[in-house]
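One-letter residues, chain by chain:
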Amino acid sequence: MRHRLLSFFLFALLPGLALAVPPIQHWTLDNGARAYFVERHHLPIVDIRLTFDAGGARDGTLAGLARLTNALLDQGNGGQDAGEVAFRLESVGARLSGGSERDMAWLHLRSLTEPQALEQAVDTLALIVGKPDFPPAAFERERSRMLVGLQAVRQSPDELGNRAFYRALYGNHPYGSPPDGTEESLARIERQHVIDFYNRYYSSGNVVIAIVGAIDRAQAEALAERISGALPQGPAAPPLPPVTPRGERHEEQVPFNSAQTHILIGQPALKRDDEDIFAFMVGNHVLGGGGLVSLLTSTMRDKHGLSYSTSSHFVPSAQPGPFVISTQVRNDSADRAIEVLREVFLDFLHNGPTPRQLELAKRNITGGFPLNLNSNRKIVGYLSSIGFYRLPLDYLDTYLERIEAVTAEDVRRAFQRHIDPDTLVIVRVGPQQEAPAQ
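Here goes a summary of the coordinates provided. Each chain has its residues counted from 1, running along the sequence as written. Residue-level local features of this predicted model are given only where pLDDT is at least 70; pairs of side-chain atoms are given and counted only at 80 or more, and the full residue set underlies all totals for whole chains, interfaces and linings. Water and hydrogen atoms play no part in the side-chain values, which are based on all heavy atoms of the structure.

### A few points about the overall build of the protein
So, step 1. Scanning the protein from terminus to terminus reveals 16 helices and 13 strands.
So, step 2. Atoms considered for the radius of gyration are the C-alpha atoms alone. The globule rule reads 2.2 Å times the number of residues to the power 0.38. In summary, the protein has a C-alpha radius of gyration of 23 Å against a globular reference of 22 Å for 438 residues, a match within 12%.
So, step 3. Dimensions along the principal axes, computed over C-alpha positions, put the protein at roughly 70 × 55 × 35 Å.
So, step 4. The contact criterion used throughout is that any non-hydrogen atoms of two residues lie within 4.5 Å. Contacts spanning at least 24 positions in sequence make up 82% of the contacts within the protein whose residues lie at least 6 apart.
So, step 5. Calculation of accessible area relied on Shrake-Rupley with a 1.4 Å probe; when residues are assessed, cover is drawn exclusively from the protein chains displayed. Here the protein displays about 20200 Å² of accessible surface, and carbon together with sulfur accounts for 53% of that area.
So, step 6. Asp and Glu count as negative and Lys and Arg as positive, but His and the ends of the chain are not part of the count. In plain terms, the charge of a residue is placed at NZ if it is Lys, CZ if Arg, CG if Asp and CD if Glu. Side-chain charges in the protein split into 43 positive and 50 negative, and the spacing between the mean points of these groups amounts to 3 Å. Helix and strand definitions here come from DSSP, where helices need a minimum of 4 consecutive H or I residues and strands a minimum of 2 consecutive E residues; each element is numbered from the N-terminal end.

Shown next, in the form of structure tokens:
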């Protein structure tokens, strides 16, 4: 009863919270940079996130190049070594983080809004993105660290499965290349490759600047001008090539000596700006994204006793990202598990959710929405995605009503439009099963 009352209380607040979503301000600078700003005076801090179309999908034949470049940005700048650059931030209480995935690379600065502290923090960020030295010693050290990381990949059935799954889904498409590289590709990367990658993709026309914090529009504009002005001048990256569907079912086994078999089932599904994304979100919550009460988990665990951990998720991207069903089962149960997963998924694909399942999924999604906007860091993450994928500025304002508007027919139609059950990719990671005797 206590949990029901809490859920009701949160939901009762949602209309007011939806109206309280902070307004997003947007402008494009003369050098091509695109800025997004939310004024929020809850705390005397500002979060600045720079998002570049410079993820692993831009690696070309040198897998890992984007991630290596991003990791080296603050390892020596304008003649100062990494320690001196770090001290400039730490001495004013600022924090810097970064990363790189398939679609994008980013840097995130958090600073106090006290004028002297903010000035030094932003100047340092401009130095980092505008004058990276890519010191040879740092280059060799970071490349060696990435090579060591690949040793851990070989010991992880999850990582091996993900690599094989993406390769099977995307083949020679840029999404099929692992963002953390391979031993062969990292060995071929030279320092000049990093410099060239930086000059091409860390440019003013290829960045989204998201700013959230206790400053006004004029201050935000000045920050955006200062940061983007430090970047090399250049255009936005061209669109990624379209994804070509496999057109046939594909299964493969990745040998791994373990007590369990890891199973991945799926195919490319949605782009980030697809109109079906809200229907897919609600449907996936019913199918496998809703935890222990989702269809896949309850069927696999409660009905058949095959697995405690089964889920589904999707990764909407610049080009269609994957829809994935994943589970781990005893090795001798792998065939049966795949059969059960297919049965549940096909039934859902044809019939969609029941009214009760649909309603519960909506309540869970909308009930958690306020928590997604309770900090500058979370809001600046949303701003970055809105800017990077060119989503409408009212995305947050209309989020709840679009979830509420989803019908069971919308879910069924969305899944049927984007998923072909006859061309699913199935990857197993575990001991090779012996063929039955003839």
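Here the narrative resumes.
### Observations regarding the pairing of strand β8 (residues 207–213)
So, step 1. Exposed residues in this analysis have more than 50% of their type's maximum accessible area, buried residues have under 20%, and partly exposed residues fall in between, with area computed by a 1.4 Å probe over protein chains only. Among the seven residues in β8, seven count as buried, and that is most of the element.
So, step 2. Here, any two strands with at least 2 DSSP bridges between them count as paired. The sheet contact formed by strand β3 (residues 45–52) and β8 spans seven bridges and is antiparallel. Residue pairing in the sheet places Asp-47 in a bridge with Val-212 of β8.

### Observations regarding the packing of helix α12 (residues 334–351) against helix α16 (residues 408–418)
So, step 1. The N-to-C vectors of α12 and α16 enclose an angle of 120°; their axes lie 7 Å apart at closest approach. Relative to α16, the element α12 is oriented oblique. Within the contact between the two elements, α12 uses Phe-345, Phe-348, Leu-349, His-350 and Asn-351 and α16 uses Val-411, Arg-412, Phe-415 and Gln-416.
So, step 2. Grouping the amino acids of the contact of α12 with α16 by side-chain chemistry returns five nonpolar, three polar and one charged. Note on method: axes are straight lines fitted to C-alpha atoms, helices fitted across the in-contact stretch only, with angles between N-to-C directions ranging 0 to 180 degrees. Here is the rule for angles: anything less than 35 degrees is roughly parallel, anything more than 145 is roughly antiparallel, 65 through 115 is roughly perpendicular, and the remaining ranges are oblique. Ten residues, namely Ala, Val, Leu, Ile, Met, Phe, Trp, Tyr, Cys and Pro, are considered nonpolar, four, namely Asp, Glu, Lys and Arg, are considered charged, and the remaining ones, Gly among them, are considered polar.

### A closer look at α16
So, step 1. Looking at α16, one finds that the buried residues are Val-411, Ala-414, Phe-415 and His-418. Buried residues along α16 cover an arc of 95° about the axis, so they all sit on one side.
So, step 2. Those residues of α16 that are buried lie in contact with β10 (260–270), α10 (277–289), β12 (321–330), α12 and α13 (355–368). This arc describes the spread of directions from the helix axis toward the C-beta atoms.

### What to know about the sheet that holds β3
So, step 1. Ordered in space as β1-β2-β8-β3-β7-β6, the six strands form an open sheet in which the pairing is mixed. Two strands lie at the open edges of the sheet, namely β1 (25–28) and β6 (95–100), each paired on one side alone. The mean inter-strand angle of the sheet, taken between neighbouring strand axes irrespective of direction, is 15°.
So, step 2. Of the strands in this sheet, β6 and β7 (105–112) touch helix α2 (residues 65–72), which is tilted by about 170° from β6.
So, step 3. Strands in contact with helix α4 (residues 115–130) are β3, β6 and β7; relative to β7, the strand with the most contacts, it is inclined by about 165°.

### Digging into the pattern of salt bridges
So, step 1. Take a side-chain nitrogen of Lys or Arg and a carboxyl oxygen of Asp or Glu: if they are within 4 Å of each other, that pair is a salt bridge. Taken as a whole, this structure holds 22 salt bridges when the rule is applied.
So, step 2. Across the pair Glu-142 and Arg-145 runs a salt bridge whose closest N-O atoms are separated by 2.5 Å. Separated by three residues within a single helix, Glu-142 and Arg-145 lie in helix α5 (residues 136–154), roughly one turn from each other.
So, step 3. The buried category is assigned to Glu-142, whose relative accessible area is 14%.
So, step 4. The class for Arg-145 is partly exposed, based on a relative accessible area of 48%.

### Focus on a nonpolar patch on the surface
So, step 1. Patch rule: a residue counts if its relative accessible area is over 30% and it has no salt bridge; like charges are joined within 9 Å, and nonpolar side chains (Val, Leu, Ile, Met, Phe, Trp, Tyr) within 5 Å. A contiguous nonpolar patch, built from Leu-292, Val-293 and Tyr-308 and spanning about 360 Å² of accessible area, is present on the exposed surface.
So, step 2. Looking at the secondary structure, you find Val-293 in the loop between α10 and α11 (295–303).
So, step 3. The exposure class of Val-293 is exposed, given its relative accessible area of 68%.

### As for α4
So, step 1. Taking 1.5 Å per residue as the helical rise, α4 with its 16 residues ought to reach 22 Å, and the 22 Å between its terminal C-alpha atoms agrees with that figure.
So, step 2. Where α4 is concerned, the buried positions are Ala-117, Leu-118, Ala-121, Val-122, Thr-124, Leu-125, Ala-126, Leu-127, Ile-128 and Val-129. Helix span, as expected, comes to 1.5 Å for every residue beyond the first.

### Thoughts on the environment of Pro-178
So, step 1. Note on placement: Pro-178 falls in the loop between α6 (157–170) and α7 (183–188).
So, step 2. When the C-alpha atoms of Pro-178 and Glu-275 are compared, they prove to be 28 Å apart, with 97 residues separating the residues in sequence.
So, step 3. When neighbours within four sequence positions are excluded, Pro-178 is seen to be in contact with Asp-59, Ala-63, Gly-64, Arg-102 and Arg-163.

### Quick look at the environment of Glu-159
So, step 1. Take Glu-159: it is sitting in helix α6.
So, step 2. Classification of Glu-159 as partly exposed rests on a relative accessible area of 35%.
So, step 3. Sequence-wise, Glu-159 and His-42 are 117 residues apart; in three dimensions their C-alpha atoms are separated by 40 Å.

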